[in-house]
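# Chains, contacts and geometry: an overview
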Amino acid sequence: MAPIRPDLERHVVTAVLVSHDGARWLPETLKSLLTQAHPVSRLVAVDTGSTDRGPAVLAEVIGEGNLLRLPADVPYADAVGQALRHPAARMHVEVIDPVEWIWLIHDDCAPTPYALERLLSAVAADPNVAIAGPKLRDWQDRRLLLELGVAIDGQGRRETGVDRGEFDQGQHDGIHDVLAVSTAGMLIRRDVWAQVGGLDPGFGLFRDDVDLGWRTHAAGHRVIAVSDAVVFHAEAAARGLRELHLRPRRLDRRNAMLVLLANLPARPAAWTALRLLFGSLVKALMLLVAKRPMALADELDALRDVLTDPRGLRALRGARAENRTRVWRAIRKFQPHWVTLRRLSERIGASIAPTEYGLPEEDTETSAQIEQPGIIRRLLAHPSVVVLLTLTVIAFLAERSLIATAGRLGGGALVPAWGSAGDLWGQYLSGWHQIGLGSAEPSPPSLGILAGLSAITLGKPWLAVLLLLLGCVPLAGLSTYFAAKRLVPSGLPVGRRAARLIGRRRVPAGALRAWIAIAYALLPVVSGAVSAGRLGTCVVYVLLPLIGLLGARVVREPRGQIAAQQARRAAWGLAALLTIAMAFVPLTWVMMVCIGVLAAVGLGNVRRSDVAIALLTPPLLLLPTTLGQLRHPSRFLLEAGLHRPELVDQKLSGISILTLDPGGPGTALGWATAGLLALAVAALPLRSRRTAVMSGWLLILFGFLTAILVSAITVRGFGGERAPGWPGVPLAFATGGLMLAAGAGLQRSIEVMSGRDLIYRLGGVAAVLIALSTPVLAALTWIGAGIDGPVGRVQTEVLPPFVAVSNDGLRARTLVLTPARDGRIGYTLLRGTSPGI
């Protein structure tokens, strides 16, 4: 041990270590505490009702005489106060003209060897300094910077001045004046502790450090943070790493409001009270919409705790009345501004491009020198953004003929969208439509959804239609990527040769999800829907991965209250998505009813109430249209738009069904699915991921059978023409099942590549090559062929939104607009019996 520096000999330090169920951290904490370059003069440990080996560890290392045992319900402030009254904390130390200090240590924090010496060096340089705090870094990943001083904003949010996930590269180094420092490693002069009254026991566990720092400033002293002194902190209480007999969020929010209201002068306190009330109500509303009942209860209970205890607040303000106005002028500079906007941007960036902190073991020595990319680079490098950009480029190139027209689209199954959003709302809400002899038939529910979506597109329905139709491919890929998180929860290890090839030992989970997303978005169903102008199928194709994800959450076995609440939220979310899908393609709801009934009967652990919520809500919300569909069941096989014979193959072959080719224009990519189908077949014998494989194949068979049934039924469209049903949506369900089975097969193939058996390794390599080549070939084929269908630009408005009419059984003649490739407008004379879009 190095000798004590002469200039620090007069500084006497009493270390107070408070522990509660901290046995997992105590060995390192005690070792770091007892091996300081400047040794502590006295050491008192307090155990507050631990149920682990913590007390035994403390007694063995520091001796029973230095250990104080207290009940579990004793607050941290009281524990420190009783420790300072312990005989071991008042032991005489032979020092001339001593300066007494208290060093507060948590059981889950480990100071570096020179932490105390550097804290003392900083306080010795200025006698006005009463509190000094270290730089806190993460216990697990010791490169991560947690805080260097603490502040609080006008809404009571804790602000450290450090970005979430920020690495310590010396960017905040120095000695800084701060409002407060954490009690994990706080060094406070003992006479100042007595002067301000120490920590307030009324705060319990959270925000007592901010309150102490505020009162220290009011007493005329400085509070500093010293970056050269480093302490590693696990933040066990805040991160839920140990059981607490309290509600942390409620206590933290309550104490945050009390700190502000107790320490602010009268006028700022009144204004802050209004801000806190408004902010809590807004946050409560957001939590209600997000269906987070526990967090909502914590927020409202914290607000109630403050509002229903005016005497307690008055007592706190009375104890802090001295110098309150003067000190407020001095410490206003510590209160951060624009925190709300900054944190909102951070959350958006983190949700889109979260940072993964783990690095390979071989990189840990040099990781401190690695410069972390900014949010823009992280955003562009995130797999979900790569998926979105890749599919956007592919769609732009393949749909170049439609994008070049840059206007209203029509033709095929797509009816041109004329007028404004207000016109659509008027049509949707009207009980009588001035079409032909007039019609009292309810408006298609898809009309209302398009009208609502038009609000986002500046009141232009044609632009909403354009985005849905031409943006179907990238949107489908994006929704599939997020749904694939359940299918691919983590990355997969690879062999040494493959690791040299890809530059890492594991295939990231994001890369596997990206492959699933891109492959799903480039299959024949979506290309055929875009070419034929089937807006309904495009909407369902985008929503189907999310419907599958929520459906899986609904039918899983709920274990415990939290899981049951999650299943109920998933049921309501599934109901909302099914309502939109049913509004565009009613067959989607029929197929989900079949799946839900089979799941409720075949799986004994399914909560039937959740299934009922998910399946019964959509037809109730679309009730006027649902009644018409029940009277005419064939309408369940129609979708938003026109049902025309030239858009459907009259006799769909079995090969087309197997290759997920629904027939019609733009479905020449069916051969591209052969590789995925082979991969799904190869996954059938797998024992691992058995649930995903079997679920996928059940969905494939269900989609195939439904597609065969739909294509065999002749349906009369709203225009009066008869044609077989289009099996696009059933094959979309089969596509989802194919990605489940093929995704499981790909994951197993990657695992096999790292094995020792040569035959299995060659088979794994072949399967991976097939999987990777499928979306590439599909994209190249689609780009080369382009949009080969009847959809094109519409120059002038020649028809009202409704193209088929009926009234009391009387048939009216209707013109259906068909744009030609040369820009001219063609017309088809139809007879109709019911209105539709």
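Our structure is the block above this text.
Keep in mind the model is a prediction, meaning the values are calculated, not measured. (Residues numbered from 1 in each chain as written. Predicted model: local features only at pLDDT ≥ 70, side-chain atom pairs only at ≥ 80, totals over all residues. Heavy atoms only, no water.)

### A few points about the pattern of salt bridges
Per the counting criterion, the structure on display carries 27 salt bridges. With a closest N to O distance of 2.9 Å, Arg320 and Asp211 form a salt bridge. Here Arg320, found in the loop between helix 10 (310-319) and helix 11 (324-331), pairs with Asp211, found in helix 6 (residues 208-218); they are 109 residues apart in sequence, far enough to count as distant. Neither Arg320 nor Asp211 differs from the other in exposure class; each is buried. Residue Arg644 is joined to Glu646 by a salt bridge in which the shortest nitrogen-to-oxygen separation is 2.7 Å. Connected via shared salt-bridge partners are Lys135, Arg137, Asp168 and Asp173. (Salt bridge = Lys/Arg side-chain N within 4 Å of Asp/Glu carboxyl O. Helix = DSSP H or I, 4+ residues; strand = E, 2+ residues; numbered from the N terminus. Buried < 20%, exposed > 50% of the residue type's maximum accessible area, 1.4 Å probe, protein only.)

### A look at the nonpolar core
Formed by 121 residues in total, the largest nonpolar core has its most connected members in Trp515 and Leu522. No other element matches helix 31 (residues 728-753), which puts twelve residues into this core. Beyond its immediate stretch of four places on either side in the chain, Trp515 contacts Leu676, Leu679, Met739, Ala742, Gly743, Leu746, Ala771, Leu772 and Pro775. Counting residues in each nonpolar core, the second largest holds 35 residues, with Leu67, Ala115, Leu120 and Ala122 among its members. (Core = buried A, V, L, I, M, F, W, Y, C linked by side-chain atoms within 4.5 Å. Contact = heavy atoms within 4.5 Å.)

### Brief notes about the pairing of strand 6 (residues 129-138)
Among the ten residues in strand 6, ten count as buried, and that is most of the element. Sheet topology places strand 6 next to strand 12 (residues 222-233); nine bridges connect them, and they run parallel. From the neighbouring strand, Val129 faces strand 12, where its bridge partner is Arg222. Relative to strand 11 (residues 187-189), strand 6 runs antiparallel, the two sharing two bridges. The residue bridging Ile131 from the neighbouring strand is Ile188, located in strand 11. With two bridges connecting them, strand 6 and strand 7 (residues 145-147) associate as antiparallel partners. Within strand 7, the position partnered with Arg137 by the bridge is Leu145. Linking strand 6 to strand 7, which pair antiparallel, is a turn of six residues. (Pairing = 2+ DSSP bridges.)

### Considering helix 29 (residues 674-682)
Among all positions in helix 29, only Gly675, Leu676, Leu677, Leu679 and Ala680 are buried. On its buried side, helix 29 packs onto helix 21 (509-521), helix 28 (654-658), helix 30 (690-712), helix 31 and helix 32 (758-785).

### Section: the packing of aromatic side chains
Taken as a whole, this structure holds four aromatic pairs when the rule is applied. For the pair Trp214 and Trp328, a centre-to-centre distance of 6.3 Å together with 10° between the ring planes defines the contact as stacked. Of this pair, Trp214 sits in helix 6 while Trp328 sits in helix 11, and the two are 114 residues apart along the sequence. The class for Trp214 is buried, based on a relative accessible area of 3%. Pairing Tyr481 with Phe482 gives two aromatic rings, centres 5.7 Å apart and planes at 85°, and the pair type is edge-to-face. The buried category is assigned to Tyr481, whose relative accessible area is 2%. Directly above the ring of Trp726 sits Arg534, whose terminal nitrogen or CZ lies 4.2 Å from the centroid. (Phe/Tyr/Trp six-rings, centres within 6.5 Å; stacked < 30°, edge-to-face > 60°. Lys NZ or Arg CZ within 6 Å of the ring centre and 35° of its normal.)

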